[in-house]
Amino acid sequence: MTLPRDSHTPPYQLVADEIRKQIRSGRIKPGERVPSSRDLEAEYEIANMTARSALRVLRDEGLIYSKPGVGNFVVDTLPASTSPKANTSEQGPDRHMPTPEYVELSERLNAIDARLDSLLSIFQQLAGVTEKPKKS
């Protein structure tokens with residue numbers, strides 16, 4: 001599955017939106033493991049940092065929790081459903097929304113990660129071109 005290229009929404013948010021829908025619809029049930037960042041990377045053809053950012057959004061919303069070395073899981077009791085587009089006054093005083101600075105830094109990290117992935121791919125291609133069989 002690929003993400004729409006013409007969307008103005010950041011890729012990590014599109015992935016988080018999709019997983020959120022799956023959790024809210026019951027397709028991924030409380031206590032079940034959600035896809036790993038590597039799984040999301042392959043499924044949506046995104047950088048690993050983008051996938052990790054999507055999971056971070058869901059953790060910040062209280063929909064999932066992480067067990068280091070094991071994975072990410074849907075919480076047993078889902079928080080009240082709120083629209084990601086809703087303003088903070090509608091969500092109550094205890095609801096944490098990412099600050100504009102957080103969003104900007106996440107987008108910058110995602111862009112840097114995408115560039116690093118591109119450079120790594122180029123270096124791997126160059127390594128294959130420059131390696132020549134040794135003659136005896």
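Details of the structure are given in the entry above.
Residues numbered from 1 in each chain as written. Predicted model: local features only at pLDDT ≥ 70, side-chain atom pairs only at ≥ 80, totals over all residues. Heavy atoms only, no water.

Q: What should I look at first to understand the pairing of strand E3 (residues 71-74) in this one?
A: Remark: a regular strand shows side chains that alternate across the two faces of the sheet. Of the two faces of E3, both are covered, the one formed by Gly71 and Phe73 as well as the one formed by Asn72 and Val74. Across 2 bridges, the pairing between strand E1 (residues 33-34) and E3 is antiparallel. The partner of Val34 across the bridge, within E3, is Asn72. Direction of pairing for strand E2 (residues 64-67) relative to E3: antiparallel, over a ladder of 4 bridges. When the sheet's bridge partners are listed, Ser66 is paired in E3 with Asn72. (Buried < 20%, exposed > 50% of the residue type's maximum accessible area, 1.4 Å probe, protein only. Helix = DSSP H or I, 4+ residues; strand = E, 2+ residues; numbered from the N terminus. Pairing = 2+ DSSP bridges.)

Q: How should I be thinking about the nonpolar core in this particular structure?
A: In terms of nonpolar packing, the biggest core is built from 20 residues, with Val15, Ile23, Val34, Leu40 and Ile64 touching the most fellow members. For this core, the secondary-structure elements that each account for two or more residues are helix H1 (11-25), helix H2 (37-44) and helix H3 (48-60). Take this core: its biggest share by element is 6 residues, from H1. (Core = buried A, V, L, I, M, F, W, Y, C linked by side-chain atoms within 4.5 Å.)

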